[in-house]
Structures are given as C-alpha cells and as structure tokens.
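What the coordinates show
Residues per chain, in single letters:
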Amino acid sequence: MQGEAARRVVITGLGTVSAIGVGTAEFLAGLRSGKSAAKPITAFDTEGFDHTTACEITDFDPGQWIHHLDPRTLGRAAQFSVSAARMALADAGLTDHDLRDVATLISVGTTDGESRDLDHLVEVEVDQGPEQMDPVVARRVPAGRLSAAIAQELGLTRVEAVTLPTACAAGNYAIGYGFDAIRGGDVDFALCGGADALCRKTFTGFYRLGTIAPERCQPFDIDRRGILTGEGAGILLMESLESALARGARIYAEVLGYGLNCDAHHPVAPHQDSVAQCMRIALDNAEVKPEEVDFISAHGTGTKANDVTEARAIRQVFGDDNPPRTVSVKSMIGHTMGAASALAAIACSLALTEGFIPPTINHVRTDPECGLDVVPNEAIAADVKVVQNNGLAFGGNNAVVIFGKRDADWS
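These numbers were taken from a predicted model, which means no experiment stands behind them. (Residues numbered from 1 in each chain as written. Predicted model: local features only at pLDDT ≥ 70, side-chain atom pairs only at ≥ 80, totals over all residues. Heavy atoms only, no water.)

1. Quick notes on the packing of aromatic side chains
With the rule as written, the count across this model stands at 7 aromatic pairs. Each ring, one from Phe49 and one from Phe203, has its centre 5.1 Å from the other, and the planes form 80°; the classification is edge-to-face. Of this pair, Phe49 sits in the loop between strand E3 (39-40) and strand E4 (53-54) while Phe203 sits in helix H8 (residues 200-208), placing them 154 residues apart in sequence. Across this residue pair, the class does not change: Phe49 and Phe203 are buried. Pairing Phe206 with Phe394 gives two aromatic rings, centres 5.6 Å apart and planes at 40°, and the pair type is tilted. Of the two residues, Phe206 sits in helix H8 while Phe394 sits in the loop between strand E14 (386-393) and strand E15 (397-404), which places them 188 residues apart along the sequence. Taken together, Phe44, Phe49, Phe203 and Tyr207 form an aromatic cluster joined through their ring pairs. The ring centre of Phe356 lies 4.7 Å from the NZ or CZ of Arg32, which sits over that ring. (Phe/Tyr/Trp six-rings, centres within 6.5 Å; stacked < 30°, edge-to-face > 60°. Helix = DSSP H or I, 4+ residues; strand = E, 2+ residues; numbered from the N terminus. Buried < 20%, exposed > 50% of the residue type's maximum accessible area, 1.4 Å probe, protein only. Lys NZ or Arg CZ within 6 Å of the ring centre and 35° of its normal.)

This is the structure we're talking about:
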C-alpha cells in the first residue's frame with residue numbers, strides 16, 4: 001500500500017543472541033564499551049588451519065528461553081532464533097496469547113541454516129557410514145525450522161513463517177518483508193531478523209578464499225586482513241504505529257523504508273554501482289535525503305575488496321566531502337552471516353533510542369581509499385535521528401534498511 005493508506009511501522013521489541021552479550025541489555029553494554037568477542041574456536045576441530053579465531057557464543061543456555069519445545073530437537077541456529085524471538089516478544093510487553101489469534105508474520109534470514117548439524121552428519125557418514133547418522137540431528141537440518149520453530153514455540157496458528165536464504169544480507173531482507181506486511185495491513189505483528197551458527201563449512205569456505213583474519217577484524221583499516229566468522233541471532237518485533245500507541249508500547253525506532261537489488265555481477269565480489277543503487281532505492285523508499293542520514297551501519301566485513309567498494313559506493317551516494325560516519329559492528333561480533341544485518345539493525349535501533357554511535361574497534365589507521373570517519377575504537381554520544389543499515393551478500397544480493405528516531409510528537 002502507498003500514500004495515506006500505508007501504515008507506519010515501528011519496532012517495539014528486540015531480541016539479541018550475540019557473542020558480546022545475550023539479551024539486549026548485554027548487547028547494548030558491549031556496543032557502548034567496544035567489546036571484542038574474538039577468541040579461539042571450540043565449535044569444531046581446527047587442526048590444519050593457520051588461523052583459528054572466531055566470535056563464538058560460549059555462555060548460551062537455550063533452556064532459559066525455550067519453554068515449550070525441547071531444545072534438543074532444534075539445531076543451534078534455531079535455538080538462537082527461537083530464543084531471540086522470545087526475548088523480543090517479552091521486550092515488547094507481549095505474551096504468546098497476544099499473538100495467538102491475530103495475523104502474524106515470522107521472517108528469519110539465514111546463510112547456513114543448520115550447516116553445523118550438516119557438518120556433523122557428513123562427518124559421521126564418511127567415518128562410520130550413513131546408518132550411524134543420528135535421526136534426531138537429521139530432523140533438525142531443514143532451514144525452514146529457523147522460522148517454523150518460533151511459531152511452534154509460541155503456539156501461533158494465524159501465522160506465515162518464512163526463512164529467507166539470501167546469505168549475508170538476509171536479515172535486512174527479512175526486515176523488509178515484515179515492513180511490507182505491516183505497512184500493507186496484511187499482519188498485525190511481525191517477528192523478523194536473522195540467525196546462523198558457527199560452522200566448519202563456512203569457516204573453511206572463507207579460509208579458502210583467503211579472507212579469514214588471523215586474530216581480529218579491522219574494517220576500513222589500512223592493515224585489515226579479513227573477517228572473523230561469528231554466530232547469533234537478532235529478532236525485531238514490528239507492528240504498526242497505531243497498534244503501538246494504542247497499547248502504550250515502548251518504541252525503539254521507526255522503519256522508514258528499505259531497498260533491495262541483485263546484480264549477479266560476481267559470485268563473491270561486491271559491485272560498487274549496484275551497492276550505490278541499492279542505497280538510493282532505500283533512501284527514496286524511505287523519503288529520506290542523503291544529508292539527513294546521521295550514520296551508516298556498514299556491511300564492513302574487514303576484507304580488502306568489500307571495504308573499499310562499499311566506501312566508494314557510500315561516497316558515490318553521499319558525496320566525497322562529508323559522508324556520514326560509517327561504522328562496522330562486525331569488528332566486535334564478527335560476521336554472523338544471516339544474522340549480521342539483523343543484529344546491526346538492533347544496534348541501529350539502540351543507537352537511535354540511547355543517543356550514541358557505536359565504534360569500529362581494532363582500528364589503527366583508516367585506509368585512504370576508504371576515506372570515512374569510522375568512529376574508531378570508542379563510542380560517541382550523538383543525537384541520532386536517521387540511520388542507514390547496509391547488508392551486502394555474495395551473488396550481488398544487496399539490502400539496505402533506513403531507520404528513524406521515535407517522533408517526539410507521538411503520544
């Protein structure tokens with residue numbers, strides 16, 4: 001729906017599972033302090049790899065959040081997504097029953113689905129034969145479980161549950177899908193975001209590409225050496241402004257609009273013009289002028305190719321003279337794949353609510369080819385009103401979402 005008939009869409013609940021904190025309060029504290037989650041990998045055997053650092057979650061108890069399903073029937077990524085959905089629901093001041101009889105959307109983005117379980121199953125098949133594969137683990141593998149399990153855990157019946165496999169931009173894709181559903185009046189509530197678990201398959205893929213950093217992720221730094229893989233989930237509860245005001249909900253931010261495109265230019269390399277076009281689509285959809293953006297949450301992986309290409313695309317849209325401050329939370333939490341732009345969206349929402357810009361940590365000297373103010377190493381206080389969140393993925397899948405600060409005139 002367009003024009004006056006379209007409903008305004010706001011975020012009223014946040015659910016966060018990350019390597020710098022489980023729960024939004026811990027995540028916020030980690031963002032403010034510039035906490036690094038980098039540590040030696042324990043999730044899988046790293047023998048034979050020269051680099052063995054990642055941003056792994058080591059203090060997560062799914063039983064704390066999952067009440068109705070047996071956590072053992074869920075893969076690790078689904079455990080993350082269901083737990084984050086539970087957190088978002090509670091944070092929004094809602095219960096299972098509040099959603100049970102109303103039209104609801106669940107959209108979860110992912111890169112790997114349950115590839116951690118697939119890693120295990122393949123290893124068992126190779127070493128012991130297929131008859132030794134654990135049927136419980138095999139049943140956990142379908143990626144659709146990342147969203148369907150949320151519906152099952154909450155006992156929802158009037159629900160569409162969709163998992164979007166658009167790789168590292170998938171969280172933003174899921175948020176855009178929810179935005180359209182709420183704005184058009186198709187659903188009353190939407191639980192949207194992304195989830196992925198650390199797995200050997202993806203680590204090995206990036207390692208073979210030569211893009212795994214030895215010890216730390218340094219986005220936009222002249223000496224950056226690549227990514228650190230990570231894991232987690234970010235789920236946002238979205239509803240119409242009218243609904244939020246009627247029930248007196250706390251509003252973190254408004255979703256102003258988004259843009260998507262897919263250039264299919266190269267299997268892994270980003271394309272500057274396409275990234276710039278996606279940002280313009282998002283700004284136009286949000287009816288926001290470039291000069292109104294206070295900071296950009298960049299895709300910012302820390303690879304040579306991504307950071308220069310993304311920085312040039314930003315300057316192409318915002319101008320060379322004074323582009324917005326541009327940060328990468330991947331410097332703290334690693335690259336969480338399908339959860340990346342969802343966790344970044346939560347960081348954007350908290351920045352708008354709390355009045356700060358999170359830092360890009362591990363920063364020594366900005367690459368002149370990037371030429372951006374990356375808010376190095378320490379968060380800064382700022383009256384943030386509009387934030388742009390970039391998500392870029394292999395195959396040229398780009399997704400950009402624009403968020404706005406709660407309007408002081410709302411009652």
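2. Overview of the UniProt feature "domain: Ketosynthase family 3 (KS3)" (unreviewed entry) in the chain
When the UniProt feature table is mapped onto this chain, "domain: Ketosynthase family 3 (KS3)" (unreviewed entry) is found at residues 6-405. Annotation note: span residues 6-405, helix share 34%, strand share 20%, distance between end C-alpha atoms 19 Å. (UniProt positions renumbered as here; feature names shortened; annotations may be inferred.)

3. Quick word on the side chain of Glu231
Tracing the backbone through its elements, the reader meets Glu231 in the loop between H8 and strand E8 (232-240). We classify Glu231 as buried; its relative accessible area is 1%. One polar contact links the side chain of Glu231 to the main-chain amide nitrogen of Ile57, over a distance of 2.8 Å. There is a polar contact of 2.9 Å between the side chain of Glu231 and the side chain of Arg76. (Polar contact = N/O pair within 3.5 Å; in protein donor to acceptor, adjacent residues only side chain to side chain.)

4. Considerations on the packing of helix H10 (residues 272-286) against helix H11 (residues 304-318)
The interhelical angle for the contact between H10 and H11, taken along N-to-C directions, is 45°, at an axis separation of 8 Å. Here H10 is positioned oblique relative to H11, judged by the angle of their axes. Between H10 and H11 the crossing geometry is right-handed. Taken together, the residues of H11 that come into contact with H10 (itself represented by Gln272, Asp273, Val275, Ala276, Met279, Arg280 and Leu283) are Thr309, Arg312, Ala313, Ile314, Gln316, Val317 and Phe318. Residue classes in the contact of H10 with H11 are distributed as 8 nonpolar, 3 polar and 3 charged. (Axes fitted to C-alpha atoms, helices over the stretch in contact; angles between N-to-C directions. Parallel < 35°, antiparallel > 145°, perpendicular 65-115°, else oblique. Left-handed = near helix turned anticlockwise from the far one by under 90°. Contact = heavy atoms within 4.5 Å. Nonpolar A, V, L, I, M, F, W, Y, C, P; charged D, E, K, R; others polar.)

5. Considerations on the pairing of strand E5 (residues 104-109)
Burial analysis of E5 places 6 of its 6 residues in the buried class, the great majority of the element. Bridging between E5 and strand E6 (residues 159-164) involves 6 bridges; their strand directions are parallel. Residue pairing across strands places Leu105 opposite Glu160, the latter belonging to E6. With 6 bridges connecting them, E5 and strand E7 (residues 189-196) associate as parallel partners. By the bridge assignment for E7, Leu105 is matched with Ala190. (Pairing = 2+ DSSP bridges.)

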